[in-house]
Amino acid sequence: MIAVGEDLACTREPELFFAEAPADVEVAKALCVECPVRTACLEGALERREPWGVWGGELLLRGAVVPRRKQSVPADLGSARQLAPGSKAAVNRDASPDRMSRRALQLGALLLPRLARDRYIEEWWGELATLQTRLGRCRFAVSLLFGMPSMAVELRRRSRRRPA
Amino acid sequence: MASEPRMTLQTQLVLRAALEDPTREWYGLQMCEATGLPSGTVYPIIARLEKQHWIESRWEDPEEHVSEGRPRRRYYTLTEDGAEHARLALARAYRGRQTSARPWGSIPHPGSAS
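As a starting point, this report considers the structure included with it.

Rules behind the numbers
Residues numbered from 1 in each chain as written. Chains lettered and ligands numbered in written order. Predicted model: local features only at pLDDT ≥ 70, side-chain atom pairs only at ≥ 80, totals over all residues. Heavy atoms only, no water. Pairing = 2+ DSSP bridges. Helix = DSSP H or I, 4+ residues; strand = E, 2+ residues; numbered from the N terminus. Contact = heavy atoms within 4.5 Å. Axes fitted to C-alpha atoms, helices over the stretch in contact; angles between N-to-C directions. Phe/Tyr/Trp six-rings, centres within 6.5 Å; stacked < 30°, edge-to-face > 60°. Buried < 20%, exposed > 50% of the residue type's maximum accessible area, 1.4 Å probe, protein only. Salt bridge = Lys/Arg side-chain N within 4 Å of Asp/Glu carboxyl O. Parallel < 35°, antiparallel > 145°, perpendicular 65-115°, else oblique. Left-handed = near helix turned anticlockwise from the far one by under 90°. Nonpolar A, V, L, I, M, F, W, Y, C, P; charged D, E, K, R; others polar.

Looking now at the sheet that holds strand β3 (residues 64-65) of chain A. Residues and elements named next belong to chain A. What the 3 strands build is an open sheet, ordered β1-β2-β3; its pairing is antiparallel. The open sheet has two edge strands with one neighbour each: β1 (52-55) and β3. Strand direction decides the pairing type here: strand β2 (residues 58-61) and β3, joined by 2 bridges, are antiparallel. Within β3, the position partnered with L60 by the bridge is V65. In this fold helix α2 (residues 22-33) packs onto β1 and β2, with an angle of close to 35 degrees to the strand it touches most, β1.

Glancing now at the packing of aromatic side chains. Overall, the coordinates contain 7 aromatic pairs over all chains when judged by the stated rule. Between the aromatic rings of F18 of chain A and W52 of chain A, the centroid separation amounts to 4.7 Å while the plane-to-plane angle is 75 degrees, which identifies the pairing as edge-to-face. Taken together, the residues F18 of chain A in the loop between α1 (9-12) and α2 and W52 of chain A in strand β1 connect sequence positions 34 residues apart. The exposure class assigned to W52 of chain A is buried, which follows from its relative accessible area of 4%. Grouping aromatic residues by their ring pairs yields a cluster made of Y120, W124 and F140 of chain A together with Y43 of chain B.

Turning our eyes to something else, we now look at the pattern of salt bridges. Residue and element names in this part refer to chain A. Scanning the entire structure with this criterion turns up 12 salt bridges over all chains. Its salt-bridge partner being E50, residue R102 comes within 2.9 Å of it at the nearest N-O pair. In this pair, R102 is assigned in helix α5 (residues 88-108) and E50 in the loop between α3 (38-48) and β1, connecting sequence segments 52 residues apart. With respect to burial, R102 and E50 carry one shared label: buried. Connected through shared salt-bridge partners, R48, E50, R102 and R103 make up one network.

Turning to its location among the elements, W59 of chain B is positioned in strand β1 (residues 55-59). For the pair W59 of chain B and R74 of chain B, spaced 15 residues apart in sequence, the C-alpha separation works out to 4.6 Å. Residue contacts for W59 of chain B: discarding those within four places in its chain leaves R119, E122 and E123 of chain A together with R72, R73 and R74 of chain B.

Now for the packing of helix α6 (residues 114-130) of chain A against helix α7 (residues 134-156) of chain A. The relative placement of two packed helices comes down to the angle between their axes together with the axis-to-axis distance. Residues and elements named next belong to chain A. Packing of α6 against α7 leaves a shortest axis separation of 12 Å and a crossing angle of 160 degrees. For the element pair α6 / α7, the angle class is roughly antiparallel. Helix-helix and strand crossings are classified by hand; for α6 and α7 the assignment is right-handed. Along the contact surface, α6 presents A116, Y120, W124, E127 and L128, while α7 presents R137, F140, L144, M148, M151 and L155. For the contact of α6 with α7, the class distribution of residues is 9 nonpolar, no polar and 2 charged.

Take a look at the structure:
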C-alpha cells in the first residue's frame, strides 16, 4: 500500500506515469528505481489488476506487467483507453482525473457487500476505461456514487427464489 | 405469487429497452445510453433485477476484449422467465397508468407483490 501523503515521484508528476510515449514510460520507470515503496507499489498494482500505467518500475497493461521487449507498442496502451495513437496530450490531461474516478468508485464500493464488491469495481472500471471524455467518466463515477446506497440495499436484500 | 421488483418508471424504461431484443446481451453503459438514465440509477435496477433472476450476467470472453484492447465487460441478458415477467409487469404498469386518470387514483395492480 502506498503511504498516502508521501512525497513520491508519481504523486508529483502523475501524468508521466500514465503516459503513452515509450520515452515517457522509461522516465517514469527510472523514477521508480529510487522509490521507497517500489515493491509494495508493484505488488499492490498487480493485485488490483491496474488497467494501465507505470507501477513500481514496471509498465502494466490490463493488470499484467508488459514484458520489456514488447514495450514498443504504445498503440496498444492507446487503444486500451480508446484513444487514437499520438494523442499523448489527451492521455496526459486525462490521467489523474481518471485515477480519481476509479479511486472514488473503489471507495464507494466499500458500501457494497464484500462478495459483490470486486465484481462491480471491475465492471465499473471497465466501463470507465471505455468512456471517451473526462466529463463522461466523471459523470459516470459521481452518479454511481450517489446510487451506491440504493445499490447496497438491493444487494443486501434477501435473495428471492426463482419465480416459478 | 411471484415476487416482483418495484415498477418505477426507471425500471420500466430499463425493461422496455431490454425487451426490444430479449435475447441480446448488453452491458451497463449501453443500458444507460439506451434509457438516458444515469449510471447511479441504472446499476441499482440491474442489481435488483439480477437478484430476482429476471436478468443474468457473465463476464465477456477473453478473446473479445483482449483483441479490442480494453478491460472485460459484464454482459447482461434477460432470463426466459424474466422476459415473460417483464412483459407482464410492463403491461400491468401500462394499464395502471391508463386507469389511474382520476386524481390520487391508486389502482391495485393485480398480482403486484410489493
